[in-house]
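# Examination of the molecular architecture
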Amino acid sequence: MKGIVNTPRDIARELARRYSTMTHDELSALESILVPLKYAKGEMILKEGDICRNIYYIDHGLIRQFYHKNGKEVTEHLGEDHTIFMCIESLFKEEPTRLQVEALEPTIVYAMPKSDLEVVALHNVNIQMMYRKILEESLIISQIHADLMRFETAQDRYKKLCKLFPQVSMRAPLVYIANYLQMAPETLSRVRAAALYED
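Residues numbered from 1 in each chain as written. Predicted model: local features only at pLDDT ≥ 70, side-chain atom pairs only at ≥ 80, totals over all residues. Heavy atoms only, no water.

This part covers the pattern of salt bridges. Enumeration over the complete set of coordinates arrives at 12 salt bridges. Across the pair Arg-150 and Asp-147 runs a salt bridge whose closest N-O atoms are separated by 3.0 Å. One end of the pair, Arg-150, and the other, Asp-147, are both in helix α5 (residues 125-151), 3 residues apart, so they sit about a helical turn from each other. Residue Arg-150 is classed as exposed on the basis of its relative accessible area, which comes to 55%. For Asp-147, a relative accessible area of 26% corresponds to the partly exposed category. Through salt bridges that share partners, Arg-64, Glu-73 and Glu-102 make up one connected network. (Salt bridge = Lys/Arg side-chain N within 4 Å of Asp/Glu carboxyl O. Helix = DSSP H or I, 4+ residues; strand = E, 2+ residues; numbered from the N terminus. Buried < 20%, exposed > 50% of the residue type's maximum accessible area, 1.4 Å probe, protein only.)

So, on to the nonpolar core. In a soluble, globular protein the nonpolar side chains are often hidden away together inside. Core analysis: the biggest nonpolar cluster contains 40 residues, and Leu-15, Leu-30, Ile-55, Ile-84, Met-112, Ile-127 and Met-130 have the highest contact counts within it. Sequence-distant contacts of Ile-127, that is, excluding residues within four places in its chain, are made with Met-22, Glu-26, Ala-29, Leu-30, Leu-117, Val-120 and Ala-121. (Core = buried A, V, L, I, M, F, W, Y, C linked by side-chain atoms within 4.5 Å. Contact = heavy atoms within 4.5 Å.)

With that out of the way, let us pick up unusual backbone geometry. At Asn-70, a position not held by glycine, the phi torsion is positive, near 50 degrees. By secondary structure assignment, the location of Asn-70 is in the loop between β4 (63-69) and β5 (72-79). Located in the positive-phi region is His-82, a residue other than glycine, with phi close to 65 degrees. With respect to the helices, strands and loops of the structure, His-82 is situated in the loop between β5 and β6 (84-85).

Backbone hydrogen bonds are what pair the strands of a sheet, in a parallel or an antiparallel way. Judged by pairing direction, the sheet is antiparallel, and its 4 strands sit side by side in the order β1-β8-β3-β6 without closing on themselves. On the outer flanks of this sheet lie β1 (35-39) and β6, each paired with one strand and no other. Here strand β3 (residues 54-60) pairs with strand β8 (residues 107-113) via 6 bridges, running antiparallel. In the strand pairing of β8, Tyr-56 is matched with Ala-111. Packed onto the sheet, helix α4 (residues 114-123) meets β3 and β8 and runs at close to 55 degrees relative to β8. (Pairing = 2+ DSSP bridges. Axes fitted to C-alpha atoms, helices over the stretch in contact; angles between N-to-C directions.)

Glancing now at the sheet that holds β5. Pairing is antiparallel across the open sheet formed by 4 strands, whose spatial order is β2-β7-β4-β5. Looking at strand neighbours, the two that pair on one side only are β2 (44-46) and β5, the edges of this open sheet. Put simply, the sheet's adjacent strands are angled 35 degrees from each other on average, direction ignored. Of the strand pairs in this sheet, β2 and strand β7 (residues 100-103) are connected by 2 bridges, and their pairing is antiparallel. Opposite Leu-46, over in β7, you have Val-101 as the bridge partner.

In this section: the environment of Val-125. Within the secondary structure layout, Val-125 lies in helix α5. Relative accessible area serves as the criterion here: at 57%, Val-125 is assigned to the exposed category. Considered as a pair, Val-125 and Ser-20 are 105 residues apart in the sequence and their alpha carbons are 9.6 Å apart.

Attention now moves to the pairing of β8. Among the 7 residues of β8, 6 are classified as buried, and the element is accordingly described as predominantly covered. Relative to β8, β1 runs antiparallel, the two sharing 5 bridges. Bridge pairing in β8 places Leu-37 opposite Val-109.

Another point: the layout of surface pockets. By volume, the largest pocket is sized at about 570 Å³. In this structure, the largest pocket is lined by 24 residues; those nearest its centre are Gln-65, Glu-76, Met-86, Ile-88 and Leu-99. Mapped by element, the contributors of at least two residues to the lining of the largest pocket are β4, β5, β6, α3 (88-93) and α5. A per-class count over the lining of the largest pocket returns 12 nonpolar, 7 polar and 5 charged. (1 Å grid on protein atoms, 1.4 Å probe; cavity = no way out; pocket = protein on both sides within 12 Å on 5 of 7 lines; lining within 4 Å. Points joined across faces, edges and corners; volume = space filled by probe spheres on them. Nonpolar A, V, L, I, M, F, W, Y, C, P; charged D, E, K, R; others polar.)

Before going further, it helps to examine a nonpolar patch on the surface. On the surface, Ile-88, Phe-92 and Leu-139 cluster together to form a nonpolar patch covering roughly 260 Å² of accessible area. Counting through the fold element by element, Ile-88 comes out in helix α3. (Patch = residues over 30% accessible without salt bridge, like charges linked within 9 Å, V, L, I, M, F, W, Y side chains within 5 Å. Areas by Shrake-Rupley, 256 points an atom, 1.4 Å probe, with all protein chains shown as cover.)

Worth remembering: the numbers are spatial, not functional.
Set out below in structure tokens:
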């Protein structure tokens, strides 16, 4: 994957495959709004106080979405290749975000500016469908995380993460995985060791 350089057309096709079939004209309309952005490891994609104006598609790389609470960082989302992220409240209210997004690896994302996406969605029913499905997916991922914290034991939380997001569980630093799963790093180490022993 790392050696392949995708064009905006490739990304438009990927999004169409994933969310909604598109005509040639719709692919061209979607391609026209995609903005490729490249980030080095450790670089901030969004900082606290920024207004999120884009929906982001990760071509390849790894990101962490987090916020500060009582002087500590809380990881809310870890995103991998071929997934979407956004700061949804900031995006729709056009207000500064309290969330931050950091690239955990060299990362290439394609930004879809919300204003441009809404214009092309007005005239293209399949782009409208894609937009809706992306928002649905984002809500479902948030719900999955909330339910993990509410209902699952530490061990089950880790197992579910491995099943749902295998690349994240293999590539993200342990400290962030532990933070995302709301457990101490030493608890995560024990849980991982137990999971490996079971396998």
